[in-house]
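# Structural features, examined
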Amino acid sequence: MPHKPPTTEELERRKIVGIREETITDVTSTDFPGHYPGEDHSWDIERFRQGFRVEFHHNETFEASFSLIGIDASIANAFRRIMIADIPTLAIETVFINNNTSVIQDEVLSHRLGLIPFKGGHDGLHKFIKWYRKPDDQSQLDSSYFDNNTVSLRLEVKCEHNDKAAAGETDPTKLYKHAHVYARDIEFVPVGRQLQYFSGEDAIAPVNPDILIAKLRPGQEISLSMHMHKGVGSDHAKFSPVATASYRLMPVITIERPILGRDAEKFARCFPKGVIGLEKVTRKEAAKKGSGYEGHEGELKAVVRDPMRDTVSRECLRHDEFKGKVKLGRRRDHFIYLVESTGQLQSDEIFLEAVAHLKKRAQFLEKQVMNMVR
Amino acid sequence: MPRAKSKKEEPVEAESDVAMEEAPTSHQPEDEMVVDQDEDEDAGDVEDDKSDEEEEEEAQRVRLLPGSTPTAASFEFLNEGHTLGNALRYITMRNPDVEFCAYAIPHPSEAKMNVRIQTFEGTTAIQALEKGLRDLQELCNVVSEKFIGARDSFGASSP
């Protein structure tokens, strides 16, 4: 029997993950060769190119949101995982404490310092700074630090009484000098060629100068120096270039039978603002037989306005008046990413690096597989 | 106290920039069967292309597991996980010559990922694996190309 090619509606239906009151349906993708007899689902880069789309929603340094449409979850997830765990950044790795008489313990202080995100010149961070390799021989440690693998920082703060404080002052920040130690107190110590890569605007500095590191009282002092190295998030979260990198599937709301009048208003309240709109039933719609709008001209009807804003709370499925009138789902191949950078890299750049990283890894492994056969 | 010191204008040695995964702090004991004396086993993972080429001998990270036939084979990847495993599984499954493809991480405390590929007659599991890795690279090209296009036109349309 000759196979009939699937209709557009059928293809569309296959992409939807059904969401019912208590259950979900059609979770796995079916676009594999052999799944539908007589259909060609083999991988073809040109077909992929035609079906694949990227849409931007917003794009700022600290937050970017965009949609990848026409891609499988396994690939989308690889990009997400790479953004979190495999894109290298520079962070404080070693702290040398000369003196710490504050109430915060050395190891806690060191941990706090490590988590502070830093920024610096793009070229310096990408091209100049390389991986630091700890020598196997401990005696070689001193000769393993170079200007292109280690960035030095210093933090010297001493808390003292402020003689100029007004009598009866109770605010410690006014009563004492340096009662609070902030990230901006960290001083960059450029060495060698770092001067040419990290000067002026491009200097290594905390992304947010107002991060509180410790609180001091008169007589207490923090004196330490730090080494920054390149690292990846899989080793320690402080190296992750993102605060969060996540995706969700595009919600699909289908109103199958008219929802009118007060019901329509209630229906709109079942969703976040802006998802459902209310429109007047037009004369033309009311005149159409079998549309369900007959005799309702001028009444309000619910229409889907912006499904992307929906949280898919399924609230509308709990009410009897909407039974059989609405269908919820998610588009399996539409991924709405949200990437929040910590500030060292641009958010959109992190995604591009993730793509490049996956490619490089596949390239490397292809070579390895050929090596294995040899 | 150790301080970073300036390095003269000499070419960067491959030794001096090695993947973070190499660092002893997070170093996992590795299988003796596959690790040799060469410590730079995943240097190519993160290094720049230049030193990649310098590094002729890289430790083998992919291995054919025993009991394989040409059309049905299991591969062991070192230092790979779900990130590449699932992506590779998907793209290999899209190959019409592949009868079966799956990946597994046999135990979470070992940094290993296994891929099983069974093909129909006419091709081999190794060829299918190579095609999968090649397709993945092509896919990445298309994704970055379209991403850059969308970003630039978005940046142009909004202030």
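Residues numbered from 1 in each chain as written. Chains lettered and ligands numbered in written order. Predicted model: local features only at pLDDT ≥ 70, side-chain atom pairs only at ≥ 80, totals over all residues.

In the annotation of an unreviewed UniProt entry, the entry for chain B reads RBP11-like subunits of RNA polymerase, and the organism field reads Parathielavia hyrcaniae.

Chain A has the name DNA-directed RNA polymerases I and III subunit RPAC1 in an unreviewed UniProt entry, where Parathielavia hyrcaniae is given as its organism. Of chain A, the UniProt comment under Subcellular location (unreviewed entry) reads exactly: "Nucleus". As its UniProt record puts it under Sequence similarities (unreviewed entry), chain A is described as follows: "Belongs to the archaeal Rpo3/eukaryotic RPB3 RNA polymerase subunit family." (UniProt positions renumbered as here; feature names shortened; annotations may be inferred.)

## Details of the overall build of chain A
Counting secondary structure elements, chain A contains 10 helices and 18 strands. For 374 residues, the compact-globule formula gives about 21 Å, and the C-alpha radius of gyration of chain A, at 29 Å, lies well above that figure. In terms of overall dimensions, chain A has C-alpha extents of about 85 × 75 × 35 Å along its principal axes. By residue count, 34% of the 374 residues in chain A fall in the buried class. Taking all contacts inside chain A whose residues are at least 6 apart in sequence as the whole, residues at least 24 apart take part in 75%. (Helix = DSSP H or I, 4+ residues; strand = E, 2+ residues; numbered from the N terminus. Rg over C-alpha atoms; globule rule 2.2 N^0.38 Å. Buried ≥ 20, exposed ≤ 12 C-beta atoms within 10 Å, placed from the backbone. Contact = placed C-beta atoms within 7 Å.)

## Overview of the UniProt feature "domain: DNA-directed RNA polymerase RBP11-like dimerisation" (unreviewed entry) in chain B
When the UniProt feature table is mapped to this numbering, "domain: DNA-directed RNA polymerase RBP11-like dimerisation" (unreviewed entry) covers residues 73-145 of chain B. For the annotated span residues 73-145 of chain B, helix accounts for 45% and strand for 29% of the residues, and the straight-line distance between the end C-alpha atoms is 34 Å.

## Some thoughts on the sheet that holds strand 11 (residues 187-189) of chain A
Residues and elements named next belong to chain A. Sheet architecture is open: 4 strands sit in the order 5-14-7-11, paired in antiparallel fashion. At either end of the open sheet lies a strand with only one pairing partner, and these are strand 5 (89-100) and strand 11. Ignoring strand direction, the axes of neighbouring strands in this sheet form an average angle of 25°. Relative to strand 11, strand 7 (residues 151-158) runs antiparallel, the two being bridged by 3 bridges. From the neighbouring strand, Ser 152 faces strand 11, where its bridge partner is Val 189. Sheet contacts for helix 4 (residues 106-114): strand 5 and strand 14 (221-231); angle to strand 5, the most-contacted strand, approximately 150°. (Pairing = 2+ DSSP bridges. Axes fitted to C-alpha atoms, helices over the stretch in contact; angles between N-to-C directions.)

## Concerning the UniProt feature "domain: DNA-directed RNA polymerase RpoA/D/Rpb3-type" (unreviewed entry) in chain A
The UniProt entry lists residues 63-368 of chain A under the feature "domain: DNA-directed RNA polymerase RpoA/D/Rpb3-type" (unreviewed entry), expressed in the numbering used here. The span residues 63-368 of chain A is 24% helical and 31% strand by assignment, and the distance between its end C-alpha atoms comes to 37 Å.

## Quick notes on the environment of Asp 31 of chain A
Relative to the elements of secondary structure, Asp 31 of chain A occurs in the loop between strand 2 (24-25) and helix 2 (45-51). The class of Asp 31 of chain A is partly exposed, set by 19 C-beta atoms lying within 10 Å.

## Some points on the domain arrangement of chain A
One can read the domain layout of chain A as domain 1 (89-239) and domain 2 (257-324). Relative placement of domain 1 of chain A and domain 2 of chain A: their C-alpha centres are 57 Å apart. (Domains from an automatic or database assignment.)

## A look at the interface of chain A and chain B
On the side of chain B, 58 residues touch chain A, which itself brings 63 residues to the contact. Elements supplying a minimum of two residues to the side of chain A that touches chain B: helix 2, strand 3 (53-59), helix 3 (73-85), strand 7, strand 14 and helix 10 (347-373) of chain A. Per element, the largest residue contribution to the side of chain A that touches chain B is 18 residues, and it comes from helix 10 of chain A. Among the residues forming the side of chain A that touches chain B, the class breakdown is 31 nonpolar, 16 polar and 16 charged. (Nonpolar A, V, L, I, M, F, W, Y, C, P; charged D, E, K, R; others polar.)

## Quick notes on the environment of Met 226 of chain A
All names here are of chain A. With respect to the helices and strands, the residue Met 226 is situated in strand 14. Between the C-alpha atom of Met 226 and that of Ile 186, which follows or precedes it by 40 residues, the distance is 9.5 Å. For Met 226, the contacting residues outside a window of four places in its chain are Ile 92, Thr 94, Val 95, Leu 113 and Leu 153.

## Focus: the packing of helix 3 of chain A against helix 3 (residues 82-93) of chain B
Helix packing geometry: the angle between the two helix axes and the distance between the axes. Running from N to C, helix 3 of chain A and helix 3 of chain B point in directions that differ by 160°, and their axes come no closer than 8 Å. Relative to helix 3 of chain B, the element helix 3 of chain A is oriented roughly antiparallel. The element helix 3 of chain A and its partner helix 3 of chain B pack so that their crossing is left-handed. In this structure, helix 3 of chain A uses Ser 74, Ile 75, Asn 77, Ala 78, Arg 81 and Ile 82 of chain A to contact helix 3 of chain B, whose residues at the interface are His 82, Thr 83, Leu 84, Asn 86, Ala 87, Arg 89 and Tyr 90 of chain B. In the contact of helix 3 of chain A with helix 3 of chain B, the residues fall into 6 nonpolar, 5 polar and 2 charged. (Parallel < 35°, antiparallel > 145°, perpendicular 65-115°, else oblique. Left-handed = near helix turned anticlockwise from the far one by under 90°.)

## Re the nonpolar core
Phe 79, Met 83, Ala 354 and Leu 358 of chain A together with Ala 87 and Leu 136 of chain B are the most contacted members of the largest nonpolar core, which totals 55 residues. Among the elements that take part in this core, helix 4 (residues 125-157) of chain B stands out by supplying 10 residues, more than any other. In this structure Leu 358 of chain A touches Ala 78, Phe 79 and Ile 82 of chain A together with Ala 87, Leu 136 and Cys 140 of chain B, once residues within four positions along its chain are discounted. Counting 31 residues, the second-largest nonpolar core is a separate cluster that includes Leu 125, Ala 179, Ala 183 and Met 226 of chain A. (Core = buried A, V, L, I, M, F, W, Y, C linked by C-beta atoms within 7 Å.)

## Observations regarding helix 3 of chain B
For helix 3 of chain B, spanning 12 residues, the distance from its first C-alpha to its last is 16 Å, which sits close to the expected 16 Å at 1.5 Å a residue. Of all 12 residues in helix 3 of chain B, 9 are buried, a share of seventy percent or more. Restricting attention to buried positions, one finds in helix 3 of chain B the residues Thr 83, Leu 84, Gly 85, Ala 87, Leu 88, Tyr 90, Ile 91, Thr 92 and Met 93 of chain B. Turning to helix 3 of chain B, the residues buried within the fold contact helix 3 and helix 10 of chain A together with strand 3 (98-104), strand 4 (112-119) and helix 4 of chain B. (Expected span 1.5 Å × (residues − 1).)

## What to know about the sheet that holds strand 2 (residues 72-78) of chain B
All names here are of chain B. With antiparallel pairing, the 4 strands of this open sheet are ordered in space as 1-2-4-3. Only two strands of the sheet have a single partner each, and these edge strands are strand 1 (62-64) and strand 3. For this sheet, the mean inter-axis angle between neighbouring strands, taken without regard to orientation, is 20°. Inspection of the sheet shows strand 1 paired to strand 2 by 3 bridges, in the antiparallel sense. Looking at strand 2, one finds that Arg 63 is bridged to Glu 76. Packing against the sheet, helix 3 makes contact with strand 3 and strand 4, and its axis sits at approximately 175° to strand 3.

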